[in-house]
Every structure is written in structure tokens, then in C-alpha cells.
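# Structure assessment
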Amino acid sequence: MKRLLRTILPPLSVQLAVLLAWYLSGKYELVPTTLLVPPERVWETAKDMWSTSELQTHVGWSLRRVFLGYLIGSGAGIVLGAAVGISRRAQVWLGPTLDIFKQVPVFAWAPMMILFFGIEEASKLAFVAVACFYPVLLNTSQGVQSVQSRHREVGEAFGLSRTRIFLRIVVPSAIPSVLVGLRQSIALAWMAVVSAELLGAESGIGYFMTYSRLLFQMDGVIVGVLAVGAIGILTNALLGGLERWLVPWTKEVA
Amino acid sequence: MSTRKKLDLAKGLVIPALFLGVWIAWTRTHESLLIPSPWKSVLTTKELWESHALQGYLVTSLRRYFFGLLLGTSLGFVVGGLLGSSRWLERFLLPNFNMFRQVPLVGWIPLLVIWFGMEDLSRVVLIAMGAFFPILLNTHAGIRRVPAGYLEVGDVFGLSRWAKFKRIVLPSALPWIRSGTILSLTFGWTILVASELLTQANGGLSDILDVGRERFRLDMVNAGIVILGLLGFAFNLLATRLWSIGPLRWLSQNIHNSH
């Protein structure tokens, strides 16, 4: 209880103060409502959107895209990262190629994806996959490489086959690092999907924000920002929870 | 470089060379809109350079990048320093910054555009937000990890709070701050591209991508990707070397010597 008071109350009081300032600025019209609508109107809009299930539909589309793109991108990242981490040969032959493509800022791929795959779903999934790829790849290969050689030697001393050494020794010691990569890349995936929808879409939370902005519906824009932020925080917490559940022995790194 | 290393490097370049070779050979006979010859991208880049468009893009983008980084890193350093120096501020603000950080940056773009318009200010603010958090968190972490013994030495010598900060805290937090700047510089470049693409045609380097997409000119898009990648690579290199060149080297040595 005392810990609760010390850790939760102070930051919460800051949040409440900000909310209060926001409310008062609306009440006394300190800021024009075209720039900032009062919190109660944002709440009303959010409630309306929820009851017409507009909000759920847009969020649902975005989440679907994130999920599929993430699956493809991080799957490819794990496979290639493991290959590069295990085999020196793979590292030598593939490493420089991977390094070259890594230099390109992620968002620069988006226009190319649109030309290649069209403005519809495929280009968005491809873009999300590309955004997920590198964090997972780098963390996986690092995790695999960091397996201590004496652990491997124990396996060899017990006469385990290569596949068994891989499954029993390499995989468990690489998992914490892989999970770090998965957590980094879910944040990037979410950012990628929102930006792909801002660039051009007919559904999804990013599309909804652009649409509201063009109609000067400030309340809609703020609902969008809040939804994007809340999902960002939730996914991070979810992956953090997964880490604590799967690999409780590693200390969580914020 | 040992022969083994040279051999490894040569092996590593086989796939890129093969990729380029197949691409060139394919486009000799099957030139298409979707897969234009790489030579076309070279020509496009040359044209952009000769018409001075590329130089203009470059200056605009670098200006945004520079001001965004300046704003973000200096604010991040100050706030990180404050959070590191005061338990009280840390308790009230750090959890909020940590929460804020998890909001995807591009989600702010529609709001920034309403507040600051489709102008450079929106882009600079977004880049600054991207650069802000790595410096803040690293400065804070670096200060928190100053060994208590060092501070006790300062107490023994009767140093003032400010003198302790300047002579003990800052030098020993410097490696952390250094990694913070590296993260900020590289992430800032990524965010620059996002800020340009998502606020439409604007006279920056991402215009090459944007115009290329509008006109279905993949040679242009490819050229843009390579240019942005090369510059990103250069900034990566710069970021890691930043602390050992010119004035900054003097700065970090000076801080170290004063201790």
C-alpha cells in the first residue's frame, strides 16, 4: 500500500493536473477550440464512435494489418537471424547484404511498396513486415551468438546430436533476446501501420485521423491520437508480460 | 586486413553483386515500369543534380534534421539531467515520460499538422520528439549510475552541488549520454523521412520518393531510397565518431581532465 502511494500516486497526480488544465482551458476558452477541443467533447465523440462501433471497426482493421505484417516480418527475422547467428558461413555470405539494406530508413520503403503492391492491403502488410524485420533479426542473431560455449560443450559431452543441442541449449538461451526484438518490433509495426494508413487507406485508425483532420474535426483527431497511443502502450505491456512469463529469470529492461 | 577477412568480405559482396548483375541483365531485355534499369536511376540522380533540385532537397532536409536534433537533444539533456538530479522530479515525471514514449511518433502527425500546419515547424517538432527520449533516458540512467563513492569524495572535498555535477556526475555519465546521442541521430534520420512523407510534398529529399510514386517512376523511387540510405549510413558513422572528432573531442577530454 505504501509502495502504491510512492510509485503510482505522483505520476497520476501529474496526469490529473494536465487533464484539469486541459478542461479549464476549454471552459474559459483560453485556446481556440479549432486547436484544442475540451476533454468532455473528446469523451462524447469517443462514446458516440464506440456505440456506432466506428472506432472498433477502424481499430480492428489496423490491428489486423499489424498482426499479419508482424507475423511475416518477425517470422522472417527469426529464421534469418537464427541462421546468421548459428552458422559462420551464413554470416559471411549474408551479413553484408543485410547490412546494406539496413541502412535505408524504414519509411523510405513505403512509396516503393505502394507501387509494387498497390495501395490496398498487400502494400501495407509488406511495409509492416519490413519495419518488423531488422529488430527481430539483430536480436535473434545476437541471442544465438551469445550462447555460452561451455553450455554447448556440456551438450557435446553428453553426446547430444546437433539438433538436440540446438533445441535444448541454443533456443532456451536465445529466447530472452528474441523476445526483446519482438517487443521492439511490435512498436515499429504499429508505427508502420499508422503511417501506411496516413499515406493512403480507406479504413484503419490512421485513415480515420487523416479524414477527421481534413474535415477539421479536432475531437476525432484527438480520439485517434489517444487510441493509437493506448494501443501502443497496451501492446508493449502485453509483450512485456510475455517476457516475464516466459523468461522470468531475466530482469526486465525498460 | 588479413587475407581471411578479405576473403570473407569478397564472399559477402557476392550476393549484392549477383543481385545487381541479374537486375541489369533482366532490364536489358525486359525493361518495364515496375523494374526499371539501375542505370536509369543513375541518370535520374544526375538530372536532379544538374537541375539543382537535389541540392535544394538536401539543404531543406538537412536543415530540418539539424534543428529537430538540436531542439530534441538539448531539451532531452536538460530534462534528463533534472530527472537524474532530483528524486522528487523523477518520481513525478519519469513514469509519464516512459508512457509517452510508447505512443508511436507518427500518431502525433495529424495533431501536429493542425497545430503547426503543413510547415517545417511540424516536421522539426516531430524529429525533436524522436531525438528527445533517447537522450533523456540515457542522461537520466547515466546520472543514476554514478557510483556513490565518487560523490562522497566530492563531499569530502566540500564541493558545491554544481561543482559536483560538473566535475563528477557529468564526466561519469558521459558514456551514457554518448550512446543517447548516437540513438538520437540515427532515429532522427528515420523520423525525418516519416515527417516528410506524411506531410506531403515539401521540398525535402523525400520529395524524390513522393514524386516518383505519383508519376509511377520507380527509377526515381529507387534513386531516393539509395540517397536516403547512403546519407543514413553517413550519419550513423558520424554519430559513432562524433565524440572523437574536432570540438567535441576537446569537450569530452576537457570534462574528463577537469576531474
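Residues numbered from 1 in each chain as written. Chains lettered and ligands numbered in written order. Predicted model: local features only at pLDDT ≥ 70, side-chain atom pairs only at ≥ 80, totals over all residues.

### A closer look at the overall build of chain B
Test applied: The way it works is that DSSP assigns letters per residue, a run of H or I at least four long becomes a helix, a run of E at least two long becomes a strand, and they are numbered from the N terminus. Computation of the radius of gyration draws on C-alpha atoms, with the globule rule given as 2.2 Å multiplied by the number of residues to the power 0.38. Any residue with 12 or fewer other C-beta atoms within 10 Å of its own C-beta is exposed, any with 20 or more is buried, and the rest are partly exposed; the C-beta atoms used are placed from the backbone. A pair of residues counts as a contact when their C-beta atoms, built from backbone coordinates, are within 7 Å of each other.
Looking only at helices and strands, one finds twelve helices and zero strands in chain B. Whereas a compact globule of 259 residues would reach a radius of gyration of roughly 18 Å, chain B reaches 23 Å, over 25% beyond that. Projected onto its principal axes, the C-alpha positions of chain B cover 80 × 60 × 30 Å. For chain B, the residues scored as buried account for 37% of the 259 residues in total. Here the analysis covers contacts within chain B between residues at least 6 apart in sequence; of these, 72% occur between residues at least 24 apart.

### A few points about the overall build of chain A
Scanning chain A for helices and strands turns up eleven helices and zero strands. Along chain A, helices and strands appear, N-terminal first, in the series α-α-α-α-α-α-α-α-α-α-α. Its C-alpha atoms give chain A a radius of gyration of 23 Å, clearly above 18 Å, the size a compact globule of 254 residues would have. Overall, chain A is about 75 × 55 × 30 Å in size when its C-alpha atoms are taken along their principal axes. Each of the 254 residues in chain A was classed as buried or not, and the buried ones make up 39%. Across chain A, contacts joining residues at least 24 apart in sequence account for 71% of those joining residues at least 6 apart.

### Looking at the environment of I143 of chain B
All names here are of chain B. Along the chain, the position of I143 falls in helix α7 (residues 120-144). Residues I143 and G84, 59 residues apart in the sequence, show an inter-C-alpha distance of 5.4 Å. For I143, the residues in contact, after removing those within four places along its chain, are G81, G84, S85, V169 and A173.

### A few points about helix α2 (residues 14-30) of chain B
Threshold: Given a helix with a known number of residues, its expected span is that number minus one, times 1.5 Å.
Between its first and last C-alpha, α2 of chain B extends 23 Å over 17 residues, near the 24 Å set by a 1.5 Å rise per residue. For α2 of chain B, a buried count of zero out of 17 residues is recorded, marking the element as mostly open to its surroundings.

### Comments concerning unusual backbone geometry
Although it is not a glycine, E29 of chain A adopts a positive phi angle of roughly 50°. Inspection of the secondary structure assignment puts E29 of chain A in the loop between α2 (9-27) and α3 (39-51).

### Points about the interface of chain A and chain B
So the rule is basically this: For this classification, Asp, Glu, Lys and Arg are treated as charged, while Ala, Val, Leu, Ile, Met, Phe, Trp, Tyr, Cys and Pro are nonpolar and the rest, including Gly, are polar.
Counting residues at the interface gives 44 residues for chain A and 47 residues for chain B. Elements that contribute at least two residues to the side of chain A that touches chain B include exactly α2, α5 (88-102), α6 (109-117), α9 (162-199), α10 (205-214) and α11 (218-246) of chain A. Broken down by element, the residue count for the side of chain A that touches chain B peaks at nine residues, all from α11 of chain A. When grouped by side-chain class, the residues that make up the side of chain A that touches chain B number 33 nonpolar, ten polar and one charged.

### Details of the nonpolar core
As a reminder, the rule being used: Nonpolar cores are built from buried Ala, Val, Leu, Ile, Met, Phe, Trp, Tyr and Cys residues. These are joined into a set through C-beta atoms within 7 Å.
F127, V128, A189 and A192 of chain A are the most contacted members of the largest nonpolar core, which totals 109 residues. Element by element, the count of residues in this core is highest for α9 of chain A, at 18 residues. What A189 of chain A contacts, discounting residues up to four positions off in sequence, is V66, G69, Y70, V128, A131 and C132 of chain A. Judged by nonpolar contacts, the second largest core, of seven residues, contains I168, V169, A173 and W176 of chain B.

### Things to note about the environment of Q55 of chain B
All names here are of chain B. Tracing the sequence through the fold places Q55 in helix α4 (residues 53-85). The exposure class assigned to Q55 is exposed, which follows from the 11 C-beta atoms found within 10 Å. For the pair formed by Q55 and L205, sequence separation is 150 residues and the distance between their alpha carbons is 9.2 Å.

### Focus on the domain arrangement of chain B
The following threshold applies: Each domain's extent was defined by an automatic or database domain assignment.
Split into domains, chain B comes out as domain 1 (1-30) and domain 2 (40-257). Distance from the C-alpha centre of domain 1 of chain B to the C-alpha centre of domain 2 of chain B: 34 Å.

### A word on the environment of V193 of chain B
Along the polypeptide, V193 of chain B turns up in helix α9 (residues 161-197). Along the chain, V193 of chain B and S61 of chain B lie 132 residues apart, while their C-alpha atoms are 8.8 Å from each other. Excluding its chain neighbours within four sequence positions, the residues that come into contact with V193 of chain B are P105, F107 and A108 of chain A together with S206 and L228 of chain B.

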